[in-house]
Amino acid sequence: MKSTMSVTSRRLASFYQTAVGKKAVMAVTGLILFLWLVLHVLGNLQIFLGRDQINRYSAFLHATPEALWPVRIILIVAIVLHINSAVLLYLQKVKNRPIGYTKKGNRGATVMSRTMMWSGFALLVFIILHLLHMTTGTIHKDFIAGDVFHNLTFAFHQPTVVALYVLAMALLAMHLYHGLYSFTQSLGVSNPRHTSRIKPLAAAFAIVMASLFALVPIAVLAGFVH
Ligand code: HEM
């Protein structure tokens, strides 16, 4: 039993050493993070159903540690693996790049991975600040534990905070667009006819998702949430 496990883990480790292995890990962890974001935005939109609804939803999540903690652990592992694979793939790409290359296609791919690197880094900074803001309340000016409605409406009455969140959601849209597109490439979709259809679809998904997130701060600032 023990030796079967060690053979499996050795195989997995050597698969991870390859570029295909790291791309597969990026695709799977990216999908997990994307699905979690869908749940998160659905949770946030409950603010439009009133204070009681969103606070009840949050209370339910916090009162169910047997669901909350496994999800948090999966998220942390997914984020760590996603970043680790991204950095390793990027370094590999830079190392293998021919010196003085001028091919247009090559340049496009490198610009895209560079954009993914910095938008990903900026999103990581956002996530850390966002946790200190909305989860621990460390950088929130009037945080009340358990009162998500108050925490959101208080924060988003400040135009600077709204501007920062909207800016972060624009970065999220960019990252999701490239990420969703790369995901289909990792699945092996390389036919140019399909690719031309996938790009607008990935853009639409990314824009809808980021706009739904941005809707909450904008609606609060505009006075639509009481
Ligand atoms: C305008 C956009 C967003 C709003 C209004 C928002 C709001 C919130 C709120 C109120 C919480 C605390 C929930 C609670 O304690 O019950 C939270 C937690 C969290 N948010 Fe967001 N969020 C936004 C965007 C994002 C984005 C884009 C990400 C990731 C890229 C993200 C990642 C997280 C994480 C990781 C947590 C902690 C979840 C946990 O406690 O298990 N959020 N968010």
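Everything numeric here is computed off the predicted structure, so don't read it as measured data. By convention here, each chain's residues receive numbers from 1 onward along its written sequence. Reporting of local features is limited, given that this is a predicted model, to residues whose pLDDT is at least 70; pairs of side-chain atoms are given and counted only at 80 or more, and all residues count toward the totals for whole chains, interfaces and linings. With hydrogens and water stripped out, all remaining heavy atoms of the structure feed into the side-chain values.

### Considering the site of the ligand
Here is step 1: Inspection of the region around the ligand gives 21 residues, with His40, Ser58, His62, Arg72 and His130 positioned closest.
Here is step 2: Under the rule applied, a polar contact is a pair of N or O atoms within 3.5 Å (in protein, one hydrogen donor and one hydrogen acceptor; residues adjacent in sequence only if both atoms are side-chain atoms). A distance of 2.8 Å separates an oxygen atom of the ligand from a polar side-chain atom of Ser58.
Here is step 3: At a separation of 2.7 Å, an oxygen atom of the ligand approaches a polar side-chain atom of Arg72.
Here is step 4: Helix and strand assignments follow DSSP, with helices taken as H or I runs no shorter than four residues and strands as E runs no shorter than two, numbered in order from the N terminus. Counting only elements with at least two residues in the shell around the ligand, the list comes to helix H2 (19-44), helix H3 (51-62), helix H5 (104-135), helix H6 (148-155), helix H7 (159-186) and helix H8 (192-221).
Here is step 5: The dominant element in the shell around the ligand, judged by the number of residues it contributes, is H5, at six residues.
Here is step 6: A breakdown of the residues in the shell around the ligand according to their chemical character gives 14 nonpolar, six polar and one charged. The rule for a residue being near a molecule or strand is that one of its heavy atoms must lie within 4 Å of it. Residue classes follow a fixed rule: Ala, Val, Leu, Ile, Met, Phe, Trp, Tyr, Cys and Pro count as nonpolar, while Asp, Glu, Lys and Arg count as charged, and any other residue, Gly among them, counts as polar.

### What to know about the coordination of the iron atom of the ligand
Here is step 1: Each metal's donors are the N, O and S atoms within 2.8 Å of it, or within 3.2 Å when it is Na, K or Ca, and because water is not part of the set, sites may look incomplete. Protein coordination at the iron atom of the ligand: the donors are His40 (NE2) and His130 (NE2), at 2.0 to 2.1 Å from the metal.
Here is step 2: The geometry test gives tetrahedral to four donors whose angles all lie between 85 and 135 degrees, gives square planar to four donors and octahedral to six donors whose opposite members are over 155 degrees apart with all other angles between 65 and 115, and gives irregular to the rest. In this structure, the iron atom of the ligand is surrounded by six donor atoms whose angles at the metal cover 85 to 179 degrees, and the resulting shape is octahedral. Of this pair, His40 sits in helix H2 while His130 sits in helix H5, and the two are 90 residues apart along the sequence.

### Re H8
For an α-helix, the turn length of 3.6 residues means that residues three or four places apart are oriented alike.
Here is step 1: One less than the residue count of a helix, multiplied by 1.5 Å, gives the span that helix is expected to have. For H8, which comprises 30 residues, the first-to-last C-alpha distance of 43 Å matches the rise-based estimate of 44 Å (1.5 Å per residue) to within 8%.
Here is step 2: When the local axis directions of H8 are compared, the greatest deviation, roughly 30 degrees, occurs at Leu215, which is followed within four positions by the proline Pro217.
Here is step 3: When we look at burial in H8, the residues that qualify are Thr195, Ile198, Ala202, Ala206, Met209, Ala210, Phe213, Ala214, Val216, Pro217, Ala219 and Val220.
Here is step 4: It only takes one pair of heavy atoms within 4.5 Å for two residues to be counted as in contact. Where H8 is buried, its residues touch H2, H6 and H7. At any given residue, the bend is defined as the angle formed between two axes, one fitted to the seven residues that end at that position and one fitted to the seven that begin there. A 1.4 Å probe rolled over the protein chains alone gives each residue an accessible area, and that area as a share of the maximum for its type sets the label: buried under 20%, exposed over 50%, partly exposed in between.

### Thoughts on the packing of H2 against H8
Here is step 1: Structural elements are reduced to axes, namely lines fitted to C-alpha atoms, with helices fitted over the stretch in contact, and the angle between N-to-C directions of any two is expressed from 0 to 180 degrees. Closest axis-to-axis distance for the H2/H8 pair is 9 Å, and the angle between their directions is 35 degrees. The chirality of how H2 crosses H8 is left-handed. Of H8, the residues touching H2 (which contributes Phe34, Leu37, Val38, His40, Val41 and Asn44) are Phe205, Met209, Leu212, Phe213 and Val216. Helix crossings fall into two classes, left-handed where the near helix is turned counterclockwise from the far one by less than a right angle and right-handed where it is turned clockwise.

### Regarding the packing of aromatic side chains
Here is step 1: Two aromatic rings, drawn from Phe, Tyr or Trp (for Trp, its six-membered ring), form a pair once their centres lie within 6.5 Å of each other, and the interplanar angle then sorts them: stacked below 30 degrees, edge-to-face above 60, tilted otherwise. Within this structure, the stated rule accounts for three aromatic pairs.
Here is step 2: Between Phe156 and Tyr165, the aromatic rings sit 5.0 Å apart at their centres with planes inclined by 80 degrees, giving edge-to-face as the arrangement.
Here is step 3: Its relative accessible area of 2% is what places Phe156 among the buried residues.
Here is step 4: Under the relative-accessibility criterion, Tyr165 is labelled buried at 10%.
Here is step 5: Among the aromatic residues, those joined into a ring-pair cluster are Phe126, Phe156 and Tyr165.
Here is step 6: Above the face of the Trp69 ring, Arg72 is positioned so that its terminal group lies 4.6 Å from the ring centre.
Here is step 7: The rule is short: NZ of Lys or CZ of Arg within 6 Å of the ring centre and within 35 degrees of the ring normal puts a charge over the ring. Just above the ring of Tyr181 sits the side chain of Lys199; from NZ or CZ to the centre is 5.1 Å.

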